[in-house]
Amino acid sequence: MVCLGNICRSPLAEGILKSKLNPDFYIVDSAGTSAYHIGEVPDHRSIAIAKKNGIDISNQRARKFIANDFNEFDLIYAMDIENYYNICSLSTNKSNLLKVKLILNEINPLKDLSVPDPYYGGDYGFENVYEMLDKACSIITKNIS
Ligand code: 4NP
C-alpha cells in the first residue's frame, strides 16, 4: 500500500487489509513515495479512525518505497495517480510494472480514481478515506483468498 507520506492513507490501507487476511499466508506492508515522514508514526487522525473500527495501526512507522519492493511483493496498490506514476518510474521491467495498481480501481474498474489526500482536511476526510479503503480491501481480499 503506497501513498505520498506513508502517514495517512497507506497506513490505514495496510491496517485494514491486514485485518481481513490470515497473517500466516499474506504479508501486507505500506510505504510512501516521499521521504518527508520516514520513521514517523501514522497521523493521529488515521490512528483514531482505525481505532474506532477496532484496528491498531499505532505500531507502524513510515518508510520510503524502494525498487526492491518490486521483488518483495506480488501486488502494489497506489493510493492516487501521482503515486502510481512515481512507483512505476522505479520499475525496470514489465512484470514489475504489472504489479502496480490503483487501489480504487478495485471498486470502480478502469476509472482511475484517487483516494483523496486527507492530510490538510478535517476528520471527515479520514472517515471518507476509511470507508473507501475498507471497500477496496474487501474486494482485494475476495480476489486473492
Ligand atoms: P499521505 O498524506 O500521503 O496519505 O500519507 C500526506 C502526508 C503528508 C504530506 C502529504 C500527504 N506532506 O506533504 O507532508
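As shown above, the structure is provided for reference.
Computed from a prediction, not measured in an experiment: that's the story for all the values here. (Residues numbered from 1 in each chain as written. Predicted model: local features only at pLDDT ≥ 70, side-chain atom pairs only at ≥ 80, totals over all residues. Heavy atoms only, no water.)

**Considerations on the overall build of the protein chain**
The secondary structure content of the protein chain amounts to 6 helices and 4 strands. Overall, the protein chain shows an N-to-C arrangement of helices and strands of β-α-β-α-α-β-α-α-β-α. What you see for the protein chain is a C-alpha radius of gyration of 14 Å, in line with the 15 Å of a compact globule of 145 residues. Its C-alpha atoms give the protein chain principal-axis dimensions of roughly 40 × 35 × 30 Å. Scored against the burial criterion, the 145 residues of the protein chain give a buried share of 44%. Restricting the contact set of the protein chain to residue pairs at least 6 apart, pairs at least 24 apart contribute 70%. Roughly 7,900 Å² of accessible area belongs to the protein chain as shown, and the carbon and sulfur atoms make up 53% of that amount. (Helix = DSSP H or I, 4+ residues; strand = E, 2+ residues; numbered from the N terminus. Rg over C-alpha atoms; globule rule 2.2 N^0.38 Å. Buried < 20%, exposed > 50% of the residue type's maximum accessible area, 1.4 Å probe, protein only. Contact = heavy atoms within 4.5 Å. Areas by Shrake-Rupley, 256 points an atom, 1.4 Å probe, with all protein chains shown as cover.)

**Remarks on the environment of Asn86**
Along the chain, Asn86 falls in helix H4 (residues 81–88). When the C-alpha atoms of Asn86 and Lys64 are compared, they prove to be 12 Å apart, with 22 residues separating the residues in sequence.

**Regarding helix H6 (residues 123–144)**
With 22 residues, H6 extends 31 Å between its outermost C-alpha atoms, agreeing within 8% with the 32 Å of an ideal straight helix rising 1.5 Å per residue. The complete set of buried residues in H6 reads Phe126, Val129, Tyr130, Leu133, Ala136, Cys137, Ile140 and Thr141. Seen from one end, H6 has its buried residues packed into an arc of 150°, which puts them on one side. Across from the buried face of H6, at angles greater than 90 degrees, the exposed residues are Tyr124, Lys135 and Lys142. The inward-facing, buried residues of H6 abut helix H1 (9–20), helix H2 (44–52) and strand E3 (76–78). (Expected span 1.5 Å × (residues − 1). Arc of directions from axis to C-beta.)

**A look at the packing of aromatic side chains**
In total, this model carries 3 aromatic pairs according to the counting rule given. Here the aromatic rings of Phe65 and Phe70 are separated by 5.5 Å at their centres, their planes lie at 85°, and the arrangement is edge-to-face. The exposure classification of Phe65 matches that of Phe70, with both residues buried. Ring geometry for Tyr119 and Tyr120: centres 4.8 Å apart, planes at 75°, overall edge-to-face. We classify Tyr119 as partly exposed; its relative accessible area is 29%. (Phe/Tyr/Trp six-rings, centres within 6.5 Å; stacked < 30°, edge-to-face > 60°.)

**What about the state of the cysteines?**
For the coordinates displayed, the defined rule picks out 0 disulfides. Cysteine Cys3 shares no disulfide, and the gap to the nearest cysteine sulfur, in Cys8, comes to 7.0 Å. (Disulfide = S-S within 2.5 Å.)

**Quick look at H2**
All buried positions along H2 are accounted for by Arg45, Ser46, Ile49 and Ala50. The buried residues of H2 occupy one face: seen down the axis, they fall within an arc of 135°. Opposite the buried face of H2, by more than 90 degrees, sit the exposed residues His44, Lys51 and Lys52. Each element contacted by the buried residues of H2 is listed here: H1 and H6. Between a side-chain oxygen at the N-terminus of H2 and the backbone nitrogen of Arg45 the separation is 2.8 Å; the capping residue is Asp43. Where H2 terminates, the next one or two residues include Gly54, which has phi positive at roughly 80°. (Polar contact = N/O pair within 3.5 Å; in protein donor to acceptor, adjacent residues only side chain to side chain.)

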